[in-house]
Amino acid sequence: MAKPKVAFFCQHCGYESPKWLGKCPSCGQWNSFAEEIVSPVHPISSSPHKAATPVSLQLIYTAEENRIVMPDEELNRALGGGLVPGSLVLLAGEPGIGKSTLLLQTALQLPQLQVLYITGEESEQQIRMRADRLGLTHPAFYLLAETDMQAIMKVVHQLKPDLIFVDSIQTMVSPMLGSPAGSVGQIRECAAIWQAYAKTSQTPVILVGHITKDGLIAGPKVLEHIVDTVLQFEGDRQYVYRLLRTVKNRFGASFELGVYEMADRGLQPVSQPSALFLHQKEEVFSGSAVAATLEGTRPLLVEVQALVTPSLYGTPQRTVSGFDLRRLQLLLAVLEKRGGFHLHTQDVFLNIVGGLHIEDPALDLAVVAALLSSFEDITISPSSCFAGEIGLSGEIRAISRPAQRIAEAARLGFQRIYLSRYNQDIPPHPEIEVMLMGKVEELYQQLFQP
Ligand code: TYD
Ligand code: MG
């Protein structure tokens, strides 16, 4: 077959070149050229031969009701309630985090569907060994160890599977392009083939994508635009839990969160994750406070630990784990200026237990409580928790969905929750005392000068 015409395009500004260039002569960007197929452009005439037909909105059949329900609730939650037919999903994550395991165990637990698992990374034997380890079998599970897209599409058109998993998109190659597997041009071309197949056949396709060290989905984010849903699989390899975050979803809410535990026999869904992130202990120490956070629509209680000690050197140290360093510096500046606490002479270490990274601004209040508790060396009652954002003038600002946070705290046996006074419509709860605070000073008085 004749090769189509290809050219190289700058991914930054769109500059076209017949050969690869290290630096774009147009915008000056380095390493931005990717190979693409150039199809001949037909001028749009005013009397087209092939007429396109518009469709009435009411007559369009939606795939929404026919979602394929996944075997575990965490995956369903991340997908927004199941897999939509014809959707293209990207499962992104660092190597070794458990992407292949998640896909394999999902496939093997859908016995009513014919599943095609395409692997460019592992051999058939390796997958078989993993399936044995998971202790699962499947009557119509097909494995294809292949990376050539032309050969793969031939099999796909013959088999017509109900569900396709591709592990990984970085190993797939289209023979139409001369560039190697994993290059931007190849990733984009292969993803486009899968997208076209998914849409025309209404078959859902899940692609595995590796994340580079700097946290990007390899292939400068090109994939994110092409796919319908991006699920990010993350977690610290030192810990057993894994988080499945919805980064983008055309068919549901983004910022959803699924939680798993990596066990001997695959990933176990964790339906009540708060217990994972609350430190179990008999003794209560100063510098510890529990935050009632929310990830997507899911409430999550996590412990914040702070250590504030006099600094031995001129410049005090600020070290964080699981929290934004600049946010900590801002909170310290607010405490210094509005609360009059002399924290500029102190080293500050802050840790979110479990290595979890949470972006909810409601974490602020627990961070401030933990900092002050360590600074004063006075413990906070382990049955109290916090949810509030801190403003620059030291005010405690309202947070989203207080009722959900209160309910989760009550469910876990907390007896008191500190919230912002500016949160309106907080329903009284029979099991938990709700304390409303307006300013950081008030919180300080409540906690440490009763
Ligand atoms: P894997 O799915 O191969 O990761 P990825 O595809 O994202 O690169 O998972 C690799 C890790 O998971 C590996 O270190 C072994 C571990 N693992 C378990 O702990 N339990 C299991 O049952 C399985 C299958 C893997
Ligand atoms: Mg893998």
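As the structure is a computational prediction, the values presented were derived from the model and not from experiment.

(A) Examining the overall build of the protein chain more closely. In terms of helices and strands, the protein chain carries eleven helices and 21 strands. C-alpha atoms of the protein chain, sized along the principal axes, occupy 80 × 55 × 50 Å. Of all 450 residues assigned to the protein chain, the portion counted as buried reaches 48%. In the protein chain, the share of contacts with a sequence separation of at least 24, taken over all contacts with a separation of at least 6, comes to 66%. As presented, the protein chain carries roughly 22100 Å² of accessible surface, and 54% of it is formed by carbon and sulfur atoms. Here the protein chain holds 37 positive side-chain charges and 46 negative ones, and the gap between their average locations is 6 Å.

(B) Representation of the pattern of salt bridges in the model. Taken as a whole, this structure holds 13 salt bridges when the rule is applied. Among the ionic pairs, Glu74 bridges to Arg298, the shortest N-O distance being 2.7 Å. Taken together, the residues span a long stretch of sequence, with Glu74 in helix α1 (residues 73-79) and Arg298 in strand β14 (residues 298-310) at a distance of 224 residues. We classify Arg298 as buried; its relative accessible area is 3%. The shortest N-O distance in the salt bridge between Arg130 and Glu122 comes to 2.9 Å. Owing to a relative accessible area of 23%, Arg130 belongs among the partly exposed residues under this scheme. Salt bridges here are not isolated pairs; linked through shared partners, they connect Lys199, Asp228 and Arg250.

(C) Representation of the nonpolar core. Counting residues in hydrophobic clusters, the biggest one holds 47 residues, and the most contacted among them are Leu371 and Phe386. Residue contributions to this core peak at nine residues, all from helix α9 (residues 363-376). With residues up to four places along the chain from it excluded, the contact list for Phe386 reads Ala289, Val290, Ala291, Ala292, Ala362, Leu365, Ala366, Ala369, Ile380, Tyr418, Leu443 and Leu447. Within the second largest apolar cluster, 31 residues are counted, among which are Ala131, Leu134, Tyr260 and Leu267.

(D) Quick peek at helix α10 (residues 402-411). Along α10, the positions that sit buried rather than exposed are Pro402, Arg405, Ile406, Glu408, Ala409 and Ala410. Where α10 is buried, its residues touch α7 (274-277), β13 (288-295), β14, β17 (384-386), β20 (416-420) and β21 (433-437). A positive backbone phi angle near 85° is found at Gly413, which sits one or two residues after α10.

(E) Examining the side chain of Thr229 more closely. Within the fold, Thr229 resides in strand β9 (residues 229-234). Those residues in contact with Thr229 that lie beyond four places of it in its chain are Leu79, Leu88, Val89, Leu90, Lys248, Asn249, Arg250 and Phe251.

(F) Just the packing of aromatic side chains, in detail. Inspection of the entire model under this criterion finds eight aromatic pairs. Ring centres of Tyr15 and Phe33 lie 6.4 Å apart, and the angle between their planes is 90°; this geometry places the pair in the edge-to-face category. Separated by 18 residues along the polypeptide, Tyr15 in the loop between β1 (6-10) and β2 (16-17) and Phe33 in strand β3 (residues 33-37) bring together distant segments of the chain. For Phe33, a relative accessible area of 7% corresponds to the buried category. What links up through ring pairs into an aromatic cluster is the set Phe341, Phe375, Tyr444 and Phe448.

(G) The arrangement of the pairing of strand β12 (residues 266-269) in detail. Judged from the four bridges that link them, strand β11 (residues 257-263) and β12 form a sheet pairing that is antiparallel. When the sheet's bridge partners are listed, Ala263 is paired in β12 with Gly266. Linkage of β11 to β12, two consecutive antiparallel strands, is achieved through a turn of two residues.

(H) Inspection of the site of ligand 1 at higher detail. Taken together, 15 residues lie around ligand 1, and Gly96, Ser100, Thr101, Ala263 and Gly266 are the ones closest in. Here Gly96 contributes a backbone N or O atom positioned 2.7 Å from an oxygen atom of ligand 1. With respect to ligand 1, the side chain of Ser100 contributes an N or O atom lying 2.6 Å from an oxygen atom. For ligand 1, the protein covers 76% of the area, taking 560 Å² as the surface of the free molecule.

About the cut-offs
- Counting restarts for each chain: residues are numbered from 1 in the order of the written sequence.
- Chains and ligands are labelled by the order in which they are written, letters from A for the one and numbers from 1 for the other.
- Reporting of local features is limited, given that this is a predicted model, to residues whose pLDDT is at least 70; pairs of side-chain atoms are given and counted only at 80 or more, and all residues count toward the totals for whole chains, interfaces and linings.
- Excluding hydrogens and water, the side-chain values take into account all heavy atoms of the structure.
- Where helices and strands are cited, they refer to DSSP runs of H or I of at least four residues and of E of at least two residues respectively, numbered from the N terminus.
- Three exposure classes are used, based on accessible area relative to the maximum for each residue type with a 1.4 Å probe and protein chains only: buried under 20%, partly exposed in between, and exposed over 50%.
- Contacts between residues were defined by any pair of non-hydrogen atoms, one from each residue, lying within 4.5 Å.
- Here the open area of atoms and residues is found with the Shrake-Rupley method and a 1.4 Å probe, where only the protein chains shown may cover a residue.
- Asp and Glu count as negative and Lys and Arg as positive, but His and the ends of the chain are not part of the count.
- Taken as the charge location is NZ of Lys, CZ of Arg, CG of Asp or CD of Glu.
- Here, a salt bridge means any side-chain nitrogen of Lys or Arg that lies within 4 Å of a carboxyl oxygen of Asp or Glu.
- The set of buried Ala, Val, Leu, Ile, Met, Phe, Trp, Tyr and Cys residues whose side-chain atoms join them within 4.5 Å is what this entry labels a nonpolar core.
- Pairing of aromatic rings covers Phe, Tyr and the six-membered ring of Trp, with a centre-to-centre limit of 6.5 Å; geometry is then stacked below 30 degrees between planes, edge-to-face above 60, and tilted otherwise.
- Here the rule is simple: two strands pair whenever DSSP picks up at least two bridges between them.
- We define proximity as follows: a residue is near a molecule or strand when any one of its heavy atoms falls within 4 Å of that partner.
- Pairs of N or O atoms within 3.5 Å make up the polar contacts considered here, provided that, within protein, one atom can donate a hydrogen while the other can accept it, and that residues adjacent in sequence are counted only when both atoms are side-chain atoms.

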